[in-house]
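The primary structure of each chain is shown beneath.
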Amino acid sequence: MQQHEIAEVLDRPLSRELLARDLVRLAYVAKDGTPRAIPIAFTWNGEQIVLCTTKNSPKLHSLRVNPAVALTIDTEVHPPKILLLRGRAELDVVDGIPEEFLQMNGSYEMSAEQRVEWEAEVRSLYDGMVRIVVTPTWAKLIDFETTLPSAVQELVEQRTARQESAHH
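In this report, the structure presented in the accompanying data block is examined. (Residues numbered from 1 in each chain as written. Predicted model: local features only at pLDDT ≥ 70, side-chain atom pairs only at ≥ 80, totals over all residues. Heavy atoms only, no water.)

1. Considerations on the nonpolar core
- Of all hydrophobic cores here, the largest spans 26 residues; its most connected members are I49, L51, I73 and L83.
- Of all the secondary-structure elements, those providing two or more residues to this core are α1 (3-10), α2 (13-19), β1 (23-29), β4 (49-54), α3 (58-65), β5 (68-74), β6 (82-95) and β7 (128-142).
- Counting residues per element, this core draws most heavily on β7, which supplies five residues.
- Setting aside its immediate chain neighbours within four residues, I73 contacts L18, L19, R21, L23, V24, F42, I49, K81, I82 and L83. (Core = buried A, V, L, I, M, F, W, Y, C linked by side-chain atoms within 4.5 Å. Buried < 20%, exposed > 50% of the residue type's maximum accessible area, 1.4 Å probe, protein only. Helix = DSSP H or I, 4+ residues; strand = E, 2+ residues; numbered from the N terminus. Contact = heavy atoms within 4.5 Å.)

Shown next, in the form of structure tokens:
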């Protein structure tokens, strides 16, 4: 997929709405070769998905071995809105707490006092973190109104062709 095609998908209003959500599902291949899919907080900086994790997280070893990832951001309503992304994870080890980690967790309902306590807890627990940065190399938005999963689209086209040949 070309960069301009990816940018066009990510710039759609619905994509921007999904990229402003709290959780993404991250899929990667674990070190034993089996797949994993985990919900994880994220932030979108306009070009990349940024995830933050502990320096001792098991997923880091897996991502160093195989940096290919798939990401899904979706809604819990019918019909669902789904943004599918693929890319490569770049790992950036940082001292202290990355700004993105503090930002991304700021969207949960927390009182000002809870926020202060949470931030103090985070700072006492982590001497550093790893930023997992993913630049999308492929993107697809599915809203079930203007776009469908490709297999469903194929069935719709087959049905239309059957209906047209039945009328001739």
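Next, the rest of the story.
2. Description of the pairing of β6
- Bridge count for β5 against β6 is seven bridges, and the pairing is antiparallel. Among the inter-strand pairings, T72 is bridged to a residue of β6, identified as L84.
- Of the strand pairs in this sheet, β6 and β7 are connected by 14 bridges, and their pairing is antiparallel. Residue pairing in the sheet places G87 in a bridge with P136 of β7. (Pairing = 2+ DSSP bridges.)

3. As for the sheet that holds β1
- Spatially, seven strands are ordered β2-β1-β5-β6-β7-β4-β3 in an open sheet, and the strand pairing comes out antiparallel. The sheet is open, and its two borders are formed by β2 (35-41) and β3 (43-44), each paired with just one other strand.
- Where β4 and β7 come together, six bridges link them in antiparallel fashion. What sits directly across from V50, in β7, is V133.

4. Details of the environment of T146
- Relative to the helices and strands, T146 resides in the loop between β7 and α6 (150-166).
- The exposed category is assigned to T146, whose relative accessible area is 67%.
- Placed 74 residues apart in sequence, T146 and T72 show a C-alpha to C-alpha distance of 18 Å.

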